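Here are the chains, one letter per residue:
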Amino acid sequence: DQQVKQNSPSLSVQEGRISILNCDYTNSMFDYFLWYKKYPAEGPTFLISISSIKDKNEDGRFTVFLNKSAKHLSLHIVPSQPGDSAVYFCAASAKGNTPLVFGKGTRLSVIA
Amino acid sequence: EAGVTQSPTHLIKTRGQQATLRCSSISGHTSVYWYQQALGLGLQFLLWYDEGEERNRGNFPPRFSGRQFPNYSSELNVNALELEDSALYLCASSFLQGVSEAFFGQGTRLTVV
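All values reported here derive from a predicted model rather than from experimental measurement.

What counts, and at which threshold
- Residues numbered from 1 in each chain as written.
- Chains lettered and ligands numbered in written order.
- Predicted model: local features only at pLDDT ≥ 70, side-chain atom pairs only at ≥ 80, totals over all residues.
- Heavy atoms only, no water.
- Helix = DSSP H or I, 4+ residues; strand = E, 2+ residues; numbered from the N terminus.
- Rg over C-alpha atoms; globule rule 2.2 N^0.38 Å.
- Buried < 20%, exposed > 50% of the residue type's maximum accessible area, 1.4 Å probe, protein only.
- Core = buried A, V, L, I, M, F, W, Y, C linked by side-chain atoms within 4.5 Å.
- Contact = heavy atoms within 4.5 Å.
- Pairing = 2+ DSSP bridges.
- Axes fitted to C-alpha atoms, helices over the stretch in contact; angles between N-to-C directions.
- Disulfide = S-S within 2.5 Å.
- Phe/Tyr/Trp six-rings, centres within 6.5 Å; stacked < 30°, edge-to-face > 60°.
- Buried area = accessible area lost by both parts, 1.4 Å probe.
- Polar contact = N/O pair within 3.5 Å; in protein donor to acceptor, adjacent residues only side chain to side chain.

Some points on the overall build of chain B
- Along its length, chain B carries 0 helices and 11 strands.
- Going from N to C terminus, chain B has its helices and strands arranged as β-β-β-β-β-β-β-β-β-β-β.
- Its C-alpha radius of gyration of 13 Å places chain B within 12% of the 13 Å reference for a compact globule of 113 residues.
- For the C-alpha atoms alone, the extent of chain B along its principal axes is close to 40 × 25 × 25 Å.
- Per-residue burial for chain B yields a buried fraction of 50% across its 113 residues.

Structure below.
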């Protein structure tokens, strides 16, 4: 049973446009959500997070939106740059003895 | 400040052998997590150690085991290696689980032949 789902395995966007990566979750106990970026042959790098008490968190070109009622979050990248091309993982955690649960990732390609 | 470091970066083993992977966490981080990323799959949770104790374990057989040392570094052991154990093994550390992000190492690429 996959608790964190990223239904789009890949996404292509033109440089300068907006990239929107989506993530759905099923566990209502999740209260902290994170996005990681991963380049080939490297470990995932933390990008941005959001607590369940918020519905939006912004950091430069990156904004994460959380819709608790829909159990859905999204990552917006504006404007997209070629260096943003990577695999993006959505992750979630709940209080207590539970680890970060990751989605399968979405490969973003930003085309110049 | 040094990040999470893993060794070795690459490891080739024969089926049936044992593999030992090592992870040094970020100073001040007490939690260490191990994840497996097999080809085409996401990050599958393996093990979580905090303050030297195993806190949680993913859906993996008992031949996957590990430990955390007093300095919070960690070791993952995989016994009786099978071909499907070939994957990228990622270690991450964090300060407070659930309220802070985990920082990952670069991973160990294990190949079982």
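Next comes the rest of the description.
Re the nonpolar core
- Judged by nonpolar contacts, the single largest core of 24 residues is most densely connected at F33, W35, L73, L75 and Y88 of chain A.
- Counting only elements with at least two residues in this core, the list comes to β3 (19–25), β4 (32–38), β5 (45–51), β7 (62–67), β8 (72–77), β9 (86–93) and β11 (106–111) of chain A.
- With 4 residues, the top contributor of residues to this core is β9 of chain A.
- Non-local contacts of F33 of chain A, meaning those with residues more than four positions away in its chain, are made with Y25, I48, S49, I50, S52, L66, L73, A91 and A92 of chain A.
- Counting 22 residues, the second largest nonpolar core, distinct from the first, contains V32, L47, F60 and L110 of chain B.

Points about the sheet that holds strand β1 (residues 5–7) of chain B
All names here are of chain B.
- Across the sheet, which stays open at both edges, the 4 strands sit in the order β1-β3-β8-β7 with antiparallel pairing between neighbours. Edge positions in the sheet fall to β1 and β7 (64–68), since each has one partner strand and no second. Pairwise comparison of adjacent strand axes, ignoring direction, gives a mean angle of 15° for this sheet.

A look at the side chain of T30 of chain B
All names here are of chain B.
- By the element assignment, T30 lies in the loop between β3 (19–24) and β4 (31–37).
- For T30, a relative accessible area of 14% translates into the label buried.
- Apart from the residues lying within four places of it in its own chain, the contact partners of T30 are Y49, D50, E51, Q68, Y72, S94 and F95.

Concerning the state of the cysteines
- As enumerated under the stated definition, the model contains 2 disulfides over all chains in all.
- Bridging C23 of chain A to C90 of chain A, the disulfide has an S-S length of 2.0 Å. Looking along the S-S bond of the C23 of chain A-C90 of chain A disulfide, the torsion reads about -75°, which is the left-handed sense. Here C23 of chain A, found in strand β3, pairs with C90 of chain A, found in strand β9; they are 67 residues apart in sequence, far enough to count as distant. As far as burial versus exposure is concerned, C23 of chain A and C90 of chain A are alike and both buried.
- Here C23 of chain B connects covalently by a disulfide to C91 of chain B, the sulfurs 1.8 Å from one another. Linking C23 of chain B and C91 of chain B, the disulfide has an S-S dihedral of approximately -65° and is accordingly described as left-handed.

Remarks on the packing of aromatic side chains
- The full count for this structure, using the stated rule, is 12 aromatic pairs over all chains.
- With a centroid separation of 6.4 Å and an interplanar angle of 80°, the aromatic rings of F89 of chain A and F102 of chain A are classed as edge-to-face. One end of the pair, F89 of chain A, is in strand β9; the other, F102 of chain A, is in strand β10 (residues 101–102), and 13 residues separate them in sequence. Take F89 of chain A and F102 of chain A: they sit in the same class, and that class is buried.
- Ring geometry for Y33 of chain B against W48 of chain B: centres 5.7 Å apart, planes inclined by 20°, an arrangement best described as stacked.

Some thoughts on the interface of chain A and chain B
- Taken together, the 21 residues of chain A in the interface contact 20 residues of chain B.
- Roughly 1600 Å² of surface becomes buried between chain A and chain B when both sides are summed, with 59% attributable to carbon and sulfur atoms.
- Where chain A meets chain B, there are 2 residue pairs in polar contact (both at pLDDT 80 or more).
- Counting residues per element, the ones that place at least two in the side of chain A that touches chain B are β4 and β9 of chain A.
- Here the side of chain A that touches chain B takes 4 residues from β4 of chain A, the largest share from any one element.

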